Amino acid sequence: MASAGALVLLGEVVGLRGGCSCAGLLLSTMQQRRTMDDPTCSLVRQDGRGAHYGSLSEEAIEIPQPSNTALDQKSTANVFSDGCTRIDFVLVWETEPWELSGQQDSCKNGDVPKRPATIHRTWRKKFLDKLHAAGIRMEKHMTRVEKKVVHYLLLSAPWSVLCYYAEELQLRVPLQALPRQTSNWSASVLQRLGIPNLMAQEVPNLPLDYYTCPFKANKLRWFLGSDEQDTFFSTTQRHQILYEILATTQYGHSREREVGVDQLLNENVFTAAFPLHEGPYKLRPEELAAGSLSQRQILFQYWASWGKWNKYQPLGHIRKYFGEKVAFYFAWLGFYTGWLLPAAVVGMVVFTAGIFLMFNDVPSQEICTSKQQYWMCPLCKTCPYWQLSKICSMFMAGRLFDHGGTVFFSIFMSLWAVLFLEFWKRTNASLAHHWDCSEFEDIEERPRPQFTAMAPMTIINPITGVEEPYFPKRSRIHRILAGSMVIIMMIAVVVMFVVSIILYRAVVAILLSNSGYFWFVASASRIASITGSVVNLIFILILSKIYISLAHFLTKWEMHRTQTKYEDAFTFKVFVFQFVTFYSSPIYIAFFKGKFVGYPGHYLSFLGVRNEECSPGGCFIELAQELLVIMVGKQIINNVQELAIPKLKCWWHKHKLLSTKKAGEEGESVLVEQAPWVMDHQLLVFEGLFNEYLEMVLQFGFITIFVAACPLAPLFALLNNWVEIRLDAHKFVCDYRRPVAERAEGISIWFSILEAISHLAIISNAFLIAFTSDFLPRMYYEYIHDSSLHGYVNFTLAYAPWSFVLQSNTTCRYRAFRDRDGNLTLTYWQLLAIRLGFIIMFEHVVFFIGRVIAWLVPDIPEALEVKVKRERYLAKEALAENKVLLERRETRSKASVMDSAAGRDWETEQFVSN
């Protein structure tokens, strides 16, 4: 049975793991803290040494000149030269050699220092002085690199500072260890079926699971491991605390945004600011034993290694090393990749069925054997007449994607998307509870450090009751509206470029048709379409870089309170732009191209150029081709970039830094290459998860919105994601500097975007099958005319109007349902009614089934609901027992007071109150 003290502490926590605040149930309140401007403010003493937050002891800052031997011994450990002070953060900046001797010496030599360098030096001094005054311990190293001096300032937060900010940031610390819990449902299913699980692997040093509670300094002794100050706060929590201090420290006027290390990095006052990795990722011979591996080496060996492509990801280790936000990304990516497997299998079956149908298709055989039976009208004013039999191969290729299985696969993928999102909700809820962040965004998330520093006023938070920085809502709305105008202008630029691509295709097709070369004439439309897709892809990649920078500026200007809201606003801006950029061309081909052409003698034009027709093989095959070029091409380019560019950047950065002159000049400390801060400085800056999410969400759109045109899309996505997981893992472990860990309770706004895409996919597939595919005309012909489809080709071709025949003196055919006068026939209107009816039926059936699935699959697993209720029940029981203990103590206290007070003369007796 737990001790009374443990029950008291348990009584102070509601729900324990669900992210519930324990402030309302604390039996006593913490002493009121003074502001950071008070240098005598004391929070928690350090083992009697008397070090206080806001004041400096003699050992608070050390700038030693260690020997080479000392540095060799400590170079592989994340500690100061004293061998015990932990390094929590590293600041790096570069100066010219003359700056070491001071500005006065340079002036004597007639060299006037540059103004930006002087300003940077002033800002840096103010910033570091405030860090010094805040009690941050420091140790400095310098080295020469290519006529520059690189300064490495190692930072460490003392115990008192850690306790202050841990309570300020509401960091969750452990109360009690729990048994490890498995989160792989597939492992449980395979175990029940008795099937060996090939994806399982034994990963050493599995992180423990804990009951946790937000840290309170006056309850320190109740927390697990509180007697070990060096290890009480995890490495990632120490990083969070240091980053909070760095991000809120002013070096100038807050109104001019002269606040925080991020702004100093933008101004090149510092060249880098990062926490350290836990040693090298490569294994040494003496570290082959699993028990001696560091967290980084475990991740490299059991996660980032290409040999583990078919194994579960060690999400517990990822979360412990990189934080919940990164862990949620990889959990979602692995979940998404696993769900792509059934979609890829079904897509392959549908594509294989298309191969068999292609060789047995009656309309294809009619076209291939027609020879000179069907003379088609020119595709442009100067284009020649052409024979329908020339498109035999293209028409047969179109049958690979356009057949009855397309309808089944569209319905399957629409329901697949609904099931995928519903089951991800369950997985997300389980992970959020397991990782203690299920209510983080609503209750526990604090304002962004940049927002805190620049907000013009404060207000009481209605949920927590804590005074927080505040930015007027009306001013934010005005800024959001202004930013929206900029976004609309950028989208208009994209639309203009899409129109220019359309015109480019039309002009290139005309030029190639008039070239006189048989191959160019026969393939003019296809060449124009392929080159247009390539040009469109290049434009997409270039314009995306520009727009992302603009979106960053606009989102910062809008002053969002929390990091989650900031990232959601930024994500929405960029995704809207990227959606228009990437999907505009496929949408045009799928729903607009060839629909507003007119007919011979009365062709419609745009800006003087005749409207573009579908290729002789049809728009469906063009759409499949466009998807393959953009989707697969983008994946290949991204994978090459992710594989090659980080390696090249790291090599170049390392090459520059390793050309160090180990000069023992006075005032300099010699830096050894193996120092961990030097090794991590050679790595790349972590730029967030936005690009990773965006790539996957755009891929999700391609395999759902346009899947009717390309059943192989899920297979390409699956192959890409198997590579993507290991590429991203390798980047995080080996190529990136260690990011500051961030908490999250899911994949944020990306889930809402995925839901919107899944709904859009149902509508898109319905219109694709109804208006772009030949499925409904074929069904109509089978039912009305001939079930064997003999004569279908002639049924789909109209004769050129008499006016056109008299003018050109030649009879030709074109694809349409019109009579000899160019008027739409009854068949056209009957097909239109069938198409609209199919769209309504398709949408209602799929949406209804999707709602049924959503109703049958609860968002939170039943086992998790029971677990949460059980924990709340235990908390209430602990409160009740705690109340009984308090009543007993009060009863005893009253009895003892009454006994001691008996016979006392209160009027005459003199006594002193203790």
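For the structure itself, look to the data block above.
Before going into details, it helps to say that this report is about the structure given with it.

### Examining the packing of helix 10 (residues 295-304) against helix 25 (residues 713-735)
Turning to step 1, where the next piece is worked out: Running from amino to carboxyl end, helix 10 crosses helix 25 at an angle of 165°, the nearest separation of the two axes being 10 Å. The orientation of helix 10 relative to helix 25 falls into the category roughly antiparallel. Like other packed secondary-structure pairs, helix 10 and helix 25 cross with a definite hand, here left-handed. From helix 10, R296, L299, F300, W303 and A304 reach across to helix 25, where they touch R726, A729, H730, V733 and C734.
Turning to step 2, where the next piece is worked out: Residue composition of the contact of helix 10 with helix 25, by class: 7 nonpolar, 1 polar and 2 charged.

### Focus: the state of the cysteines
Turning to step 1, where the next piece is worked out: Counted according to the given criterion, the structure contains 2 disulfides.
Turning to step 2, where the next piece is worked out: Between the sulfur of C368 and that of C392 lies a disulfide, 1.8 Å long from S to S. On the sign convention where negative is left-handed, the bridge of C368 and C392, at about 85° about the S-S bond, is right-handed. Separated by 24 residues along the polypeptide, C368 in helix 13 (residues 362-368) and C392 in helix 14 (residues 392-398) bring together distant segments of the chain.
Turning to step 3, where the next piece is worked out: With relative accessibility at 27%, the residue C368 sits in the partly exposed group.
Turning to step 4, where the next piece is worked out: Through a disulfide, C377 is tied to C812; the S-S separation comes to 1.9 Å. When the S-S torsion is 85°, as for the bridge of C377 with C812, the disulfide is right-handed. One end of the pair, C377, is in the loop between strand 8 (375-376) and strand 9 (386-387); the other, C812, is in the loop between helix 29 (802-808) and strand 18 (813-815), with 435 residues separating them in the sequence.
Turning to step 5, where the next piece is worked out: The class for C377 is buried, based on a relative accessible area of 4%.

### Some thoughts on the side chain of R778
Turning to step 1, where the next piece is worked out: If you trace the backbone, R778 turns up in helix 27 (residues 775-784).
Turning to step 2, where the next piece is worked out: If we ignore the near neighbours within four places in the chain, the residues touching R778 are D361, P363, F395, R399, L789 and Y792.

What counts as what
- Residues numbered from 1 in each chain as written.
- Predicted model: local features only at pLDDT ≥ 70, side-chain atom pairs only at ≥ 80, totals over all residues.
- Heavy atoms only, no water.
- Axes fitted to C-alpha atoms, helices over the stretch in contact; angles between N-to-C directions.
- Helix = DSSP H or I, 4+ residues; strand = E, 2+ residues; numbered from the N terminus.
- Parallel < 35°, antiparallel > 145°, perpendicular 65-115°, else oblique.
- Left-handed = near helix turned anticlockwise from the far one by under 90°.
- Contact = heavy atoms within 4.5 Å.
- Nonpolar A, V, L, I, M, F, W, Y, C, P; charged D, E, K, R; others polar.
- Disulfide = S-S within 2.5 Å.
- Buried < 20%, exposed > 50% of the residue type's maximum accessible area, 1.4 Å probe, protein only.

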